[in-house]
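Breakdown of the fold
Below, each chain spelled out in residue letters.
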Amino acid sequence: EEKSLVHKYSVAGEYQVGHWLINDIGCVSDTALKLVNVTAIPVAKFDAVSEGCQSASINFADQSMLAGTGSVVKWNWSFGDNKILNNIAADTVRHIYNSGGLFSVGLQAVSNSGCSSTVYKQELKINPKPVADFLIPVFCLPLTGQFLNKSVISDGSENLLKYLWIFGDGNIGNNTKDPYHSY
């Protein structure tokens, strides 16, 4: 009858494992000795802003760790927008989101012995980029005309937008949605 033996190591380190056999009449084999190197599982972690803007570069700073001997040699990133990056360099990675929304960013760290961490996740809100547009009034000198704002933002937060107008004659308008201007 074959028997399998399972042993669980609770602390990382190097262990000497011995194995010998006894046959049915009591003859004992020589002992086979081998060193087993048990490494810790890395802990994946990163730091990033919790909110960013569409089309802007977002930085993710690696903070993964590995206790004891060994090192983290691979970082598997999932940015929550169907984009992944399997990186062999630590430090900071950058990613650009092409749309607004809530994204779950994940990181898995892999050690030089092949041990993989659980996936560390962090939520990231990407705000949509507003689209500037306006209607031009008809100007007949010396008349004042009103520019009509037609700007939109995909999440419907137009009431939170701030406006800047540059009229081309050296004058600017600040935070007025539909400004009047005279040329």
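Below is a short write-up of the structure. Note that the structure is a prediction, hence the values are computed from the model and not measured.

About the criteria used
- Residues numbered from 1 in each chain as written.
- Predicted model: local features only at pLDDT ≥ 70, side-chain atom pairs only at ≥ 80, totals over all residues.
- Heavy atoms only, no water.
- Helix = DSSP H or I, 4+ residues; strand = E, 2+ residues; numbered from the N terminus.
- Contact = heavy atoms within 4.5 Å.
- Areas by Shrake-Rupley, 256 points an atom, 1.4 Å probe, with all protein chains shown as cover.
- Lys, Arg positive; Asp, Glu negative; His and termini not counted.
- Charge placed at Lys NZ, Arg CZ, Asp CG, Glu CD.
- Pairing = 2+ DSSP bridges.
- Axes fitted to C-alpha atoms, helices over the stretch in contact; angles between N-to-C directions.
- Core = buried A, V, L, I, M, F, W, Y, C linked by side-chain atoms within 4.5 Å.
- Buried < 20%, exposed > 50% of the residue type's maximum accessible area, 1.4 Å probe, protein only.
- Polar contact = N/O pair within 3.5 Å; in protein donor to acceptor, adjacent residues only side chain to side chain.

1. Comments concerning the overall build of the protein
On a plain count of helices and strands, the protein comes out with 0 helices and 16 strands. On the principal axes, the C-alpha backbone points of the protein span a range of 115 × 30 × 20 Å. By sequence separation, contacts in the protein at least 24 residues apart represent 48% of the contacts at least 6 residues apart. Only carbon and sulfur atoms are counted for the fraction: they give 55% of the accessible area of the protein, which is about 12,900 Å². Between the mean site of the 13 positive side-chain charges and the mean site of the 16 negative ones, the protein shows a separation of 4 Å.

2. Thoughts on the sheet that holds strand S3 (residues 46-48)
Taken together, the 3 strands give an open sheet; going across it, the order is S3-S5-S8, and neighbouring strands pair in antiparallel fashion. Sheet topology places S3 and strand S8 (92-96) at the edges, where each strand pairs with a single neighbour. Averaged over all pairs of adjacent strands, the angle between their axes in this sheet comes to 30°, without regard to strand direction. The pairing of strand S5 (residues 57-62) with S8 spans 5 bridges and is antiparallel. Counterpart to Ser-57 in the pairing with S8 is Ile-96.

3. Comments concerning the sheet that holds strand S7 (residues 84-87)
Across a sheet, paired strands are connected by hydrogen bonds in the backbone, their directions being either parallel or antiparallel. Strand order in the open sheet formed by 5 strands is S4-S10-S9-S6-S7, with mixed pairing between adjacent strands. Looking at which strands have only one partner, the edges of the open sheet turn out to be strand S4 (51-53) and S7. Here the strands of the sheet are splayed against their neighbours by 25° on average, with no regard to which way each runs. Where strand S9 (residues 101-111) meets strand S10 (residues 120-127), 7 bridges bridge the pair, whose relative direction is antiparallel. Within S10, the position partnered with Leu-102 by the bridge is Lys-125.

4. Some points on the nonpolar core
Membership of the largest hydrophobic core comes to 19 residues, with the highest contact counts inside it found for Phe-46, Phe-60, Trp-77, Phe-79, Tyr-97, Val-105 and Leu-124. A per-element tally of this core places S9 first, with 4 residues. The residues touching Val-105, leaving out its near neighbours within four places in the chain, are Phe-46, Phe-60, Ser-78, Phe-79, Tyr-97, Tyr-120, Lys-121, Gln-122 and Leu-124. Phe-147, Leu-161, Tyr-163 and Phe-167 belong to the second-largest nonpolar core, a separate cluster that totals 6 residues.

5. Overview of the environment of Val-28
Note that Val-28 resides in the loop between strand S1 (13-19) and strand S2 (32-38). Look at Val-28 and you get exposed, because its relative accessible area is 53%.

6. Some remarks on the pairing of S5
Across a regular strand the side chains alternate sides, sitting on one face of the sheet and then on the other. Residue alternation in S5 divides its side chains into a buried set, Ile-58, Phe-60 and Asp-62, and an unburied set, Ser-57, Asn-59 and Ala-61. Judged from the 3 bridges that link them, S3 and S5 form a sheet pairing that is antiparallel. Within S5, the position partnered with Phe-46 by the bridge is Asp-62.

7. Remarks on the side chain of Asp-81
The topology assignment puts Asp-81 in the loop between strand S6 (72-78) and S7. Engagement of the side chain of Asp-81 in a polar contact is seen with the backbone nitrogen of Lys-83, the distance being 3.3 Å. When near neighbours in sequence (up to four residues on either side) are disregarded, Asp-81 contacts His-95, Ile-96, Tyr-97 and Phe-103.

Without other data, these values stay purely geometric and don't point to any function.
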